[in-house]
Amino acid sequence: KWSNGWFSGNLDISGNLTMGSLFRVNAGSNLVGIGTTSPKSALEVSSGDVYVSKVTGGVSSGIILRAPNGTTCSKITINNNGELVTSTQPYSCP
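The rules behind these values
- All residue numbers refer to position in the chain's written sequence, counted from 1.
- Reporting of local features is limited, given that this is a predicted model, to residues whose pLDDT is at least 70; pairs of side-chain atoms are given and counted only at 80 or more, and all residues count toward the totals for whole chains, interfaces and linings.
- To get the side-chain values, all heavy atoms of the structure are used, and hydrogens and water are removed first.
- Under the scheme applied here, a residue whose accessible area is under 20% of the maximum for its type counts as buried, over 50% as exposed, and between as partly exposed, the area being computed with a 1.4 Å probe on protein chains only.
- The helix count covers DSSP runs of H or I at least four residues long, the strand count covers runs of E at least two residues long, and both are numbered beginning at the N terminus.
- Two strands pair if DSSP finds at least two bridges between them.
- The contact criterion used is simple: two residues touch if any of their non-hydrogen atoms lie within 4.5 Å.

Here we look at the pairing of strand β10 (residues 73–78)
Regular strands place their side chains on alternate faces of the sheet. Going residue by residue along β10, you find C73, K75 and T77 tucked away on one face and S74, I76 and I78 left uncovered on the opposite face. Looking at chain direction, strand β9 (residues 63–66) and β10 are connected through four bridges and run antiparallel. Bridging across to β10, R66 finds its partner in C73. The hairpin formed by β9 and β10 contains six residues between the paired strands, and G70 there has a positive phi angle of roughly 80°. Bridge analysis of β10 against strand β11 (residues 84–86) gives three bridges, and the strand direction is antiparallel. Residue pairing across strands places T77 opposite V85, the latter belonging to β11. Linking β10 to β11, which pair antiparallel, is a turn of five residues; within it G82 sits at a positive phi near 85°.

What to know about the environment of L84
Tracing the sequence through the fold places L84 in strand β11. The class of L84 is exposed, set by a relative accessible area of 69%. Sequence-wise, L84 and G62 are 22 residues apart; in three dimensions their C-alpha atoms are separated by 9.9 Å. Once you skip the residues sitting within four places of it in the chain, L84 turns out to touch I76 and T77.

Brief notes about unusual backbone geometry
Positive phi is not limited to glycine here, since N30 has a value of about 60°. Take N30: it is sitting in the loop between β4 (23–26) and β5 (31–34).

With respect to the pairing of β4
For strand β3 (residues 17–19) and β4, the ladder comprises three bridges, and the chain directions are antiparallel. Pairing of M19 across the sheet is with F23, part of β4. A loop of three residues connects β3 with β4, the two strands running antiparallel in sequence, and G20 in this loop sits at a positive phi of about 60°. Sheet topology places β4 next to β5; four bridges connect them, and they run antiparallel. Across the sheet, residue F23 finds its bridge partner in β5, namely I34. Counting the residues in the hairpin turn of β4 and β5 gives four residues, including N30, whose phi is positive at 60°.

Encoded structure:
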């Protein structure tokens, strides 16, 4: 439902979704583009950064990468010195 310019609840879309030149969901190829209307991978961010901000209980959020075998993952985070940290043990895949 729309309220004061904001949407809340579930939004089901059949087909592609394009919002100007800033955002595109291509239903046929399952690609999402931010800053581009022609994404070339599952998520493409063009002309910008990706910001991960949530820190819970002293553990920072990060990027989880699944190994080619499909059964193990690794998590990349950042420490308080601004250095990249990768999980030393296999990380639990979502």
